[in-house]
Amino acid sequence: MNVARQSHPGGGDWRVLPGRPHPLGANFDGAGVNFALFAAHAEAVDLCLFDSDGARELARIAVPACTHDVWHAYLPDARPGQAYGYRVHGPYAPERGHRHNPHKLLLDPYARALTGRYRWTDAHLGYRPGQARGDLVIDRRDNAPAMYRARVANPAFDWGGDKPPRTPWSETVICEAHVKGYSMLNPKVPERLRGTYAGLAHPASIARLQAGGFSAVELLPIQAFVDERMLAAAGRRNYWGYNPLAYFAPEARYAGGGDPIVEFRAMVKALHAAGIEVILDVVYNHTAEGDGLGPTLSFRGIDNASYYRLSADDPRHYDDLSGCGNTLDLRHPRVLQLVMDSLRYWVQDMHVDGFRFDLATALARGPSGFDAHATVLDCLRQDPLLAGVKLIAEPWDIQTWQTGHFPPPFAEWNDRYRDTVRDFWLTGGASTGQLARRLAASSDLFRHDGRRPQASVNFITAHDGFTLADLVSYEHKHNEANGQSNADGTNDNRSTNCGVEGPTTNAAVLARRRRLMRAMLATLYVSQGVPMLPAGDEIGRSQVGNNNPYCQDGPLTWIDWSSTDGELTAFVAALAALRIAHPALHRETWFDGSPTVLGEPDIAWIARHGEPMTPADWEDPANRAFGFLLGRTHTDETAVLVLLNAASQEAEFELPPAPHGDWRLVVDSAGQAGTPIAGMQTIPAEGVVILLAALPTETYPHG
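Conventions used here
Residues numbered from 1 in each chain as written. Predicted model: local features only at pLDDT ≥ 70, side-chain atom pairs only at ≥ 80, totals over all residues. Heavy atoms only, no water. Helix = DSSP H or I, 4+ residues; strand = E, 2+ residues; numbered from the N terminus. Rg over C-alpha atoms; globule rule 2.2 N^0.38 Å. Buried < 20%, exposed > 50% of the residue type's maximum accessible area, 1.4 Å probe, protein only. Contact = heavy atoms within 4.5 Å. Areas by Shrake-Rupley, 256 points an atom, 1.4 Å probe, with all protein chains shown as cover. Lys, Arg positive; Asp, Glu negative; His and termini not counted. Charge placed at Lys NZ, Arg CZ, Asp CG, Glu CD. Core = buried A, V, L, I, M, F, W, Y, C linked by side-chain atoms within 4.5 Å. Phe/Tyr/Trp six-rings, centres within 6.5 Å; stacked < 30°, edge-to-face > 60°. Lys NZ or Arg CZ within 6 Å of the ring centre and 35° of its normal. Disulfide = S-S within 2.5 Å. Pairing = 2+ DSSP bridges.

Draft legend 1. Molecular detail of the overall build of the protein. Counting its regular elements, the protein contains 15 helices and 33 strands. For 703 residues, the compact-globule formula gives about 27 Å, and the C-alpha radius of gyration of the protein, at 28 Å, lands near that figure. Classification of the 703 residues of the protein by burial places 60% in the buried group. Across the protein, every contact between residues at least 6 apart in sequence was considered, and the portion connecting residues at least 24 apart equals 70%. Carbon and sulfur atoms provide 50% of the accessible area of the protein, an area that totals close to 25,600 Å². For the protein, the centre of its 64 positive side-chain charges and the centre of its 81 negative side-chain charges are spaced 6 Å apart.

In structure tokens:
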């Protein structure tokens, strides 16, 4: 056995073996740690070891072996907790796509835990700023004092029989949430736990999720990220987290002083015990290193030409599909491996239940644009470990929208649903026919290649854009607090202020706002597909008109549970319970007009006169009221009738005959429920009512 020894003043001797090229990263095998780093264009690699605090460098070891572009070493004396980083030697030639700089301490792309503190400084730049030749002049300052170190992770954790809930797509209701913002202002969560993974796992937080009827929580990015320099200079932070640096490491700022890996796992375990799935919003389209003038922190200094999409005409510049300065090149097999290994790690070692892929079209770009059969999508589809988890695509990037074009088993954020529901209820810009298509899971977009209605993730609001309360309170964005002169954030809000911009005491305005929120919520929960609601919308949370609070880490974005709208919360809970209780509201197959086993149409679109909608009814722009009756598949099943009226006046509906006795009003966006009805029904202005007809023994939920 060829054992070399390398030493560093004050750091002692370290035994060094060649080790293995796989797996990548730093992996403890019970006897020592194997280090493996892909760096195809490197000429030499140094492994830097630090003390337990990451402050003092103990040794700088020349990695002794390289196999198939992977540099590797085995340290028999290393243990979990060991802090380390890399320095990579190679060409600094941005004009040829290479940006190696051994003066920069680099983070292992496979780092599972970080230690130390990151601080912005010019020393992170691989080039010398202020030079006439720009980024072509190498910078020789050492960035180590201001840089994170990776930490060898301890794989041990007692999962105690943890089992993923495996909630069927058809029964899934998603809450989009921020780890910190969810518990930061919850007085029932101990102060020391607020804003942490443990805070989200606390019974008081779980009770909130259960009260909203949510089966899954979709977390804004928790893979380790850094704040952009512009924000740090202004005293702000990247609150949302869409600036990733380490794809295997849980963000330490959400750990309450303990091991972030342990806290994250404990959170997942607690949520699973409550029947709640954990979905991660993952950002594999770009990294925190930005464009060619950004910092050299990891990928850029390790192998810029392999990790990033570079301009074919000028590899000094990046092919930016993300709007953040760079784009990871998943066409490269090692970059694809990074993403796949990361996803498998979060499922196998961290027990998460699914992923929402930020700017997913940027991951699947071929020579001619978006490719539904891109290698990364094919890999995700066939991977046996990922086969049982939920995969959700955000089907756009800064250059293209591809809603409905992803292959199964992907679900997709349905922006067409969002826009149509807003236009139908708030601006008058959508017809009854357009809304009907969205109510039916947007079959015009998703019914192909064997996809099911659950391919459509329906949402009206999300983390970016107005909250539900602001959607009916502001016609214009108010992002001045972001420090960008209100130039950031979309201007296409499709909102209304109901006559007054922002807060008001006008009772009529407030009543209309409540009415519209409830109508949109009812629409969301009676739509086929998968409903998603951002945390706080169920209590009427406002961000005072800020539709892009990505840098607002404070009371503006934290959920103030003390100002809960109890009636709205109960209304959402009733809708969620109603949806789960009645299979007709979450079908696994498409409507096609064919009869059920009882001879009833699977769906019948109803006009105000109680008869089927005609082409004239659909095409009449003045017609703002219609309904639908869902066919029963079993003799003891409840019949469901939904009536919608977006007009500013009440609408009279002639009800179709009920299969059993009379219709019973169970949800009314005006607030009444539980009344038996026959014959005519008055639908309130800008309102939704849901009626059920069942055997007399059935118990009805209340709205």
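Draft legend 2. Broad picture of the nonpolar core. Among the nonpolar cores identified, the biggest contains 174 residues, and F264, L280, W346, F355, F357 and W425 are the most heavily contacted of them. If you tally residues by element for this core, the top one is helix α13 (residues 507–526), at 10 residues. Contact partners of W425, with chain neighbours within four places excluded, come to L516, A519, M520, T523, L644, N645, A646, E686, G687 and V688. By size, the runner-up hydrophobic cluster in this structure holds 16 residues, among which are I606, A639, V689 and L691.

Draft legend 3. Molecular detail of the packing of aromatic side chains. All chains considered together, the criterion is met by 33 aromatic pairs. An angle of 45° between the planes, with centres 4.9 Å apart, marks the rings of W413 and F459 as tilted. With a gap of 46 residues between them, W413 in strand β23 (residues 411–414) and F459 in the loop between β24 (456–458) and α12 (468–471) connect regions that are remote in the sequence. For W413, a relative accessible area of 1% gives the class buried. An aromatic cluster is built from F38, Y247, Y284, F299, Y307, F355, F357, F370, F406 and F410, whose rings are joined through pairwise contacts. Geometry around F50 places R149 over its ring, the cationic atom sitting 4.2 Å from the centre. Directly above the aromatic system of F571 lies the positively charged group of R518, at a separation of 4.2 Å from the ring centroid.

Draft legend 4. Layout of the state of the cysteines. Under the defined criterion, the tally for this structure stands at 0 disulfides. The thiol of C324 is unpaired, and the distance to the nearest cysteine sulfur, on C551, comes to 14 Å. Residue classification places C324 among the partly exposed positions, given a relative accessible area of 35%.

Draft legend 5. Just the sheet that holds strand β5 (residues 44–50), in detail. Taken together, the 5 strands give an open sheet; going across it, the order is β6-β5-β9-β13-β12, and neighbouring strands pair in antiparallel fashion. Both edges of this open sheet fall to β6 (57–62) and β12 (114–115), since each of them pairs with a single strand only. Pairing between β5 and strand β9 (residues 83–89): 7 bridges, direction antiparallel. Among the inter-strand pairings, C48 is bridged to a residue of β9, identified as G85.

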